[in-house]
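An overview of the molecular structure
Residues per chain, in single letters:
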Amino acid sequence: VHAAVSVPCPFPVIEIAMKLFPQDIMEKDEEGRLPLANAAMASKQPLHHSFSNDVTGESQSCVCGAQPSDKHALRKQQSIIELLCQANPKAAEVQDRQGRLPLSHAIISGKEWTRELKPISCCAPNALYTRDFKTRLYPFMLAGASEDASINTVYQLLCSSPDILKHCLPEDKYDGGAVATAVC
């Protein structure tokens, strides 16, 4: 499973590997990473159509533990990260040997918000408030500091954790998160 999620591998192969080796989802590799962290670090991978229990066709607010329950459900696109978050939501909270969380790896590798960063942050909301071990930056800062920074990613990360500003601003400048909450 670790190898399959680390390279551009066909989605069905990853699904089969996860079914044949379900224990691999919980096992760390030599770098102390679970498959979710490896997928977060991997280059962009195509989305795959799978069933959703959301009959409106809109993406669910959080994928952690969501299981399709309606055999007539509409199809939606799913990322490998969403698949791994469904299989092992706790993996989003596990740091590797470098002290990095999957959310940091995903941000650094340029993952997009909706299908890749949001599922990780849903499974590990505290990750939004956790500084990257190497850079000491909060996730929204890490996203803004990257070479190919996406303003949408920075915005979504900040809107998902508006209280983070109290750690970033002097006390006399912090308004209790009202500005960030109003904007988001």
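Attention here is on the structure that accompanies the text. What you see is a predicted model, and the numbers here were worked out from it, not measured in a lab.

Observations regarding the overall build of the protein
In terms of helices and strands, the protein carries 10 helices and 2 strands. Going from N to C terminus, the protein has its helices and strands arranged as α-α-α-β-β-α-α-α-α-α-α-α. Among the 184 residues that make up the protein, the fraction classed as buried is 45%. Contacts spanning at least 24 positions in sequence make up 64% of the contacts within the protein whose residues lie at least 6 apart. Within the structure as shown, the protein displays about 9800 Å² of accessible surface, and the carbon and sulfur contribution to it stands at 55%.

With respect to the side chain of histidine 105
Following the sequence through the fold, histidine 105 ends up in helix H5 (residues 102-108). Accessibility expressed as a relative area gives 5% for histidine 105, which makes it buried. Discounting chain neighbours no more than four positions away, the residues touching histidine 105 are Arg33, Ala37, Ala40, Met41, Asp96, Gln98 and Arg100.

Topic: the packing of helix H4 (residues 80-87) against helix H6 (residues 113-123)
The geometry of H4 relative to H6 is characterised by a closest axis approach of 8 Å and an angle of 15° between their N-to-C directions. Taken together, H4 and H6 sit at an angle that is classed as roughly parallel. You can see that H4 and H6 cross each other, and the crossing is left-handed. Facing Ile81, Glu82 and Cys85 of H4, the residues of H6 in contact are Arg115, Glu116, Pro119, Ile120 and Cys123. Here the contact of H4 with H6 is built from residues that sort into 5 nonpolar, no polar and 3 charged.

What counts and how
- Counting from 1, residues in each chain are numbered in the order their sequence is written.
- Per-residue local features are limited, in this predicted model, to residues with pLDDT of at least 70; the limit for side-chain atom pairs, both in listing and counting, is 80 or more; totals at the level of whole chains, interfaces and linings are taken over all residues.
- In computing side-chain values, all of the structure's heavy atoms are included and hydrogens and water are not.
- We count a stretch as a helix when DSSP gives it H or I for four or more residues in a row; a strand needs E for two or more, and each element gets its number in order from the N terminus.
- For every residue, the accessible area obtained with a 1.4 Å probe (protein chains only) is divided by the maximum for its type, and the residue is called buried under 20%, exposed over 50%, and partly exposed between those limits.
- Any pair of residues with heavy atoms lying within 4.5 Å of one another is described as a contacting pair.
- Per-residue and other accessible areas follow the Shrake-Rupley method at a 1.4 Å probe size, with only the shown protein chains counted as cover for residues.
- All axes here are fitted lines through C-alpha atoms, helices being fitted over the stretch that makes contact, and every angle between N-to-C directions spans 0 to 180 degrees.
- Note on angle classes: values under 35 degrees are labelled roughly parallel, values over 145 roughly antiparallel, values of 65 to 115 roughly perpendicular, and the remainder oblique.
- Two helices that cross are described as forming a left-handed crossing if the nearer one is turned anticlockwise from the farther one by less than a right angle, and a right-handed crossing if clockwise.
- Any residue that is not Ala, Val, Leu, Ile, Met, Phe, Trp, Tyr, Cys, Pro, Asp, Glu, Lys or Arg is counted as polar, Gly included; the first ten are nonpolar and the last four charged.

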